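Tertiary structure, described
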Amino acid sequence: MNAIDLLSQDHKVVKKLLEELSSTTERAVKKRADLLHRIERELQVHTALEEDILYPAIKQAGGKEEAKMYYEAKEEHRTVDSLVLPDLLHTETGTLEFAGRVKVMKELLEHHIEEEEGELFPTAKKLLGKDQLEALGRAMETQKKVLKSERPAA
């Protein structure tokens, strides 16, 4: 599987989990906690694959515009990973505050996914070509197995 297909598949999984989480009510305390932890795990693995494998390849192959995309995408990851998600993990799942924070995280992630699929991935296809994307995909599949074994599902 090439890098773009693998990452797009991850996007579908995260969007589905976010949709599920968004549709819960304050009474679904355990379900909310479980879904949030699944999202956290998916994001950790996905972010590592992008930041360790795809983003550097795009930055290296591109110019100033691609470097700007690289830093913007990393900053969007940092916003979710360092600010929004930690707050959410420390918020009581049975509250309206939790629902509000989920909505913000969902919007941030959907925006990020749209930008990646609409701008970054087409740029990667153009810059890197089929063979390199295949090679990156193989590296990602290997890395994904390692990361998932280090962070077993709760």
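The rules we used
- Residues numbered from 1 in each chain as written.
- Predicted model: local features only at pLDDT ≥ 70, side-chain atom pairs only at ≥ 80, totals over all residues.
- Heavy atoms only, no water.
- Helix = DSSP H or I, 4+ residues; strand = E, 2+ residues; numbered from the N terminus.
- Rg over C-alpha atoms; globule rule 2.2 N^0.38 Å.
- Buried < 20%, exposed > 50% of the residue type's maximum accessible area, 1.4 Å probe, protein only.
- Core = buried A, V, L, I, M, F, W, Y, C linked by side-chain atoms within 4.5 Å.
- Contact = heavy atoms within 4.5 Å.
- Axes fitted to C-alpha atoms, helices over the stretch in contact; angles between N-to-C directions.
- Parallel < 35°, antiparallel > 145°, perpendicular 65-115°, else oblique.
- Left-handed = near helix turned anticlockwise from the far one by under 90°.
- Nonpolar A, V, L, I, M, F, W, Y, C, P; charged D, E, K, R; others polar.
- Salt bridge = Lys/Arg side-chain N within 4 Å of Asp/Glu carboxyl O.

Per an unreviewed UniProt entry, the recorded name for the protein is Hemerythrin-like domain-containing protein, and the organism is Pseudomonas putida NBRC 14164.

1. Notes on the overall build of the protein
Helix and strand counts for the protein stand at 4 helices and 0 strands. Going from N to C terminus, the protein has its helices and strands arranged as α-α-α-α. Relative to the 2.2 N^0.38 estimate, which gives 15 Å for 154 residues, the radius of gyration of the protein is 16 Å and therefore close to what a compact globule would have. Its C-alpha atoms give the protein principal-axis dimensions of about 50 × 30 × 20 Å. Out of the 154 residues belonging to the protein, those deemed buried represent 43%.

2. Points about the nonpolar core
Core analysis: the largest hydrophobic core is formed by 23 residues, its most contacted members being Leu49, Leu54, Leu128, Leu133, Leu136 and Met140. Listing elements by their share of this core, those giving two or more residues are helix H1 (3-22), helix H2 (29-61), helix H3 (64-89) and helix H4 (96-150). Those residues in contact with methionine 140 that sit more than four places away from it in its chain are Ala3, Leu6, Leu7, Leu49, Ile53 and Leu54. In terms of nonpolar packing, the next biggest core, distinct from the first, is built from 16 residues, Val14, Leu17, Ile39 and Val80 among them.

3. Some details on the packing of H1 against H4
Describing two packed helices takes the angle between their axes plus the distance from one axis to the other. Closest axis-to-axis distance for the H1/H4 pair is 6 Å, and the angle between their directions is 165°. When the interaxial angle is binned, H1 and H4 end up roughly antiparallel. H4 is crossed by H1, and the crossing has right-handed handedness. Along the lines of polarity and charge, the residues of the contact of H1 with H4 split into 17 nonpolar, 4 polar and 10 charged.

4. Things to note about the pattern of salt bridges
A pair can form between side chains of opposite charge whenever their charged atoms are brought close. Per the counting criterion, the structure on display carries 11 salt bridges. With a shortest N-O distance of 2.7 Å, arginine 78 and glutamate 75 are connected by a salt bridge. Taken as a pair, arginine 78 and glutamate 75 lie in helix H3 at a separation of 3 residues, close to a single helical turn. With relative accessibility at 43%, the residue arginine 78 sits in the partly exposed group.

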